[in-house]
Amino acid sequence: MSSIESETVALSEMERLTAHLRTQIEQTKRGDGLEFEEDEEYVKLQTENTKLKHRLAILNKAIAAEQNAHGSTAVIKYQPVKLPSTVNEMISITEHLVDLFTNAIALAFPNLAGTQAIISPVNATAAKFGDYQCNSAMSLAKTLKAAGVNKSPRDIANEIVKNVAPSPLVAKTEVAGAGFINVFLKKDYAVHAIENILRNGVKPPACRKQRVLVDFSSPNIAKQMHVGHLRSTIIGESICRLLEFLGHDVLRINHLGDWGTQFGMLIAHLEDRFPNFLNESPPIGDLQAFYKESKKRFDEDEEFKKRAYNCVVLLQSGDANSTKAWTQICDVSRQEFQKIYERLDVTLKPVGESFYQSRMIEVVKFLASKNLLEEDDGRKIMWADETSSGIPLTIVKSDGGFTYDTSDMAAIRYRLEEEKAEWLIYVVDSGQSTHLQNIYRAAERAGIFNPKIHRADHVNFGVVLGEDGKKFKTRSGETVKLSDLLDEGLKRALDKLLEKERDKVLTPEELKAAQESVAYGCIKYADLSHNRTNEYVFSFDKMLEDRGNTAVYLLYAFTRICSISRNCGEDFSDLVKILDNRTKIELEHEKEWKLAKTLLKFPDVLVKISKDLLLHTLCEFCYEVATVFSEFYDNCYCIEKNKSGEIVKVNRGRILLCEATAAILKQCFFILGLKPVSKI
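Predicted, not measured: the structure shown is a model, and the values here were computed from it.

A. Local environment of the environment of G469. Along the chain, G469 turns up in the loop between β13 (464–465) and α15 (482–499). Overall, G469 belongs to the partly exposed group, its relative accessible area being 43%. Residues G469 and E535 lie 66 residues apart in sequence; the distance between their C-alpha atoms is 9.6 Å.

Here it is, written out as structure tokens:
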């Protein structure tokens, strides 16, 4: 019986007793009984009756508010989540426990059915308190108290535990302290999940598959990619890899800056420098220098400036010669960009601003048809919401031209309506936050973006700083070219390997592979291992350290883990065959069990990142796996040797645990863009 029903029954009983007392009073007044002055029981019942009515009114008001919030007047009955009776693969433990304890809360307190359980992992150093904790009792106690029910958190926790259904993941539950519910995992589940990895590979956790468009990198044509493009490119690539691993249909879009008034001066300069450009491709070696030359002429030469403006008009009108010049300039840039992308192992589909020219015309007509455009000093503007607050979007300039606002509105419309994207991710620096929020809100107001069926995220990031704490620049104060940065990384990585005399044990091919793995890996990892919303200091010295949470440490650790099975004297190339031969993974030693539980966190880590898109969580997980493995390896012999160095015993179960660790780390490395090598 719900609390509302029980309160109603109590109220009815109170009213019955009150009516009975009133009858007795009337009889007394007629002279048949004692003279009534002030019956204490009657007053007490009246007071209690008033309290009950007030409490019932509060409960009814709360129900009404909840129903209105869901846009319904009907009471929605809680449907328990159906949980699996057997689980033989890695799943999101947190999601499973949330469902398990949410069901238990509904059974223990029907009036609070649907209240989601609060689950958190327990720090590995506090293993005596279990592996996970349900911390719902405290908040439930407050909710019940507000409804007039006083119950201690510990009593609530005990009620919840009584109603927890059997789970293939949970060995036992315990109530501790003021009302914490400690959850202990089953070792059998861990063994089955790890064996599944060895048999079938690392699989992603289940999730609803979506069509996702990720907009990242986005350099400008005729300009060199610089360190400012590094973060967007690295973060965007890793997000794409993560979402693709989870099974989403991912569109990787490079929103190139390939349109605008600057192309007038570039085309005019091209005509002067390479008059035969229509017949042969101009040998523009340094596009950045070419851009600076044209800009200097544009600023100093009025005649050249007029020609540049005329070239813009010709280009926008579709003039064949201007279009060819523009195409050649774009081609030179794209080739340079592609060299960077190949070095960083990044895949993108270029869709420049020019692609949206016709769609900008259409989006202006569309917005006008909805009466969303206003005249403002010759401009046509649009407010992001009906309150006309904040900064309006300039859709059409006073000279009739379009703006970034126009192209972004055209782009979001194209992406949602033509590309049928359900989830948009813009990987752009934090300075664009206000602009993107305006675009999302304006698109929603125009009926283009529907938050009920679409998701839009701005993956913002802070700037890269130099070791002096200022914006990262060259000694001469110029922006650092990305190609120069990568070259420097290769040089530093080779110096590090030579310092460790790796050239004496590696072949030239192996040394080159190790050099690239370390160089590009450390640059990527140094970026991704920081919370992207913060600034970070770029330091080759720190990122090339082989201790701590760095790519170098992890790559060395991975190579070491992979070498264990190679050096045991047995063939571990066919893991399924070894498992079929009844080799079992035993988790008897505390360090074995700790490593297994750490690996089991993998699905939860991915689920979390898919929600907040913060990749440093995956870096922290990799580092945790590596350090916990080190503890395991130091305490649990995988290969035992005698004093002569001969192998006397091979613990196959532990080597299988090593192989599972390597498999998890390899998948993490792929998502982060790290390329491990067999020898380093």
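B. Here's a closer look at the confidence of the model for the protein. Chain-level statistics for the protein give a pLDDT mean of 89 and a share of 89% at 70 or above. The low-confidence segment residues 28–39 (pLDDT under 50) makes 8 contacts with residues lying over four places distant or belonging to another chain.

C. Representation of the side chain of H269. Its place among the elements puts H269 in helix α8 (residues 262–273). For H269, the side chain forms a polar contact with the side chain of R297, separated by 3.1 Å. Apart from residues lying up to four places away in sequence, H269 is in contact with F290, E293, S294, R297 and F304.

D. A look at the sheet that holds strand β9 (residues 379–382). Pairing in this open sheet of 3 strands is antiparallel, and the strands run β8-β9-β10 from one edge to the other. Edge positions in the sheet fall to β8 (374–376) and β10 (393–396), since each has one partner strand and no second. Neighbour-to-neighbour, the strand axes of the sheet open up by a mean angle of 50°, direction not taken into account. Against the sheet, helix α13 (residues 404–418) engages β9 and β10, with an angle of about 85° to β10.

E. Quick look at helix α16 (residues 508–528). Taking 1.5 Å of rise per residue, 21 residues should cover 30 Å, and α16 covers 30 Å from first to last C-alpha, within 8% of that figure. Of all 21 residues in α16, 15 are buried; the element is thus mostly enclosed.

F. Expanded view of the sheet that holds strand β3 (residues 170–176). The strand order β1-β2-β4-β3 describes an open sheet built from 4 strands, whose pairing is antiparallel. At either end of the open sheet lies a strand with only one pairing partner, and these are β1 (119–121) and β3. Along the sheet, successive strands turn relative to each other by an average axial angle of 25°, direction set aside. With 3 bridges connecting them, β1 and strand β2 (residues 132–134) associate as antiparallel partners. The residue bridging I119 from the neighbouring strand is C134, located in β2.

G. Quick look at the pairing of β3. Bridging between β3 and strand β4 (residues 180–185) involves 6 bridges; their strand directions are antiparallel. Bridging from a neighbouring strand, A176 pairs with F180 of β4. The loop that links β3 with its antiparallel partner β4 comprises 3 residues; one of these, G177, has a positive phi angle of about 60°.

Cut-offs and rules
Residues numbered from 1 in each chain as written. Predicted model: local features only at pLDDT ≥ 70, side-chain atom pairs only at ≥ 80, totals over all residues. Heavy atoms only, no water. Helix = DSSP H or I, 4+ residues; strand = E, 2+ residues; numbered from the N terminus. Buried < 20%, exposed > 50% of the residue type's maximum accessible area, 1.4 Å probe, protein only. pLDDT = per-residue confidence, 0-100. Contact = heavy atoms within 4.5 Å. Polar contact = N/O pair within 3.5 Å; in protein donor to acceptor, adjacent residues only side chain to side chain. Pairing = 2+ DSSP bridges. Axes fitted to C-alpha atoms, helices over the stretch in contact; angles between N-to-C directions. Expected span 1.5 Å × (residues − 1).

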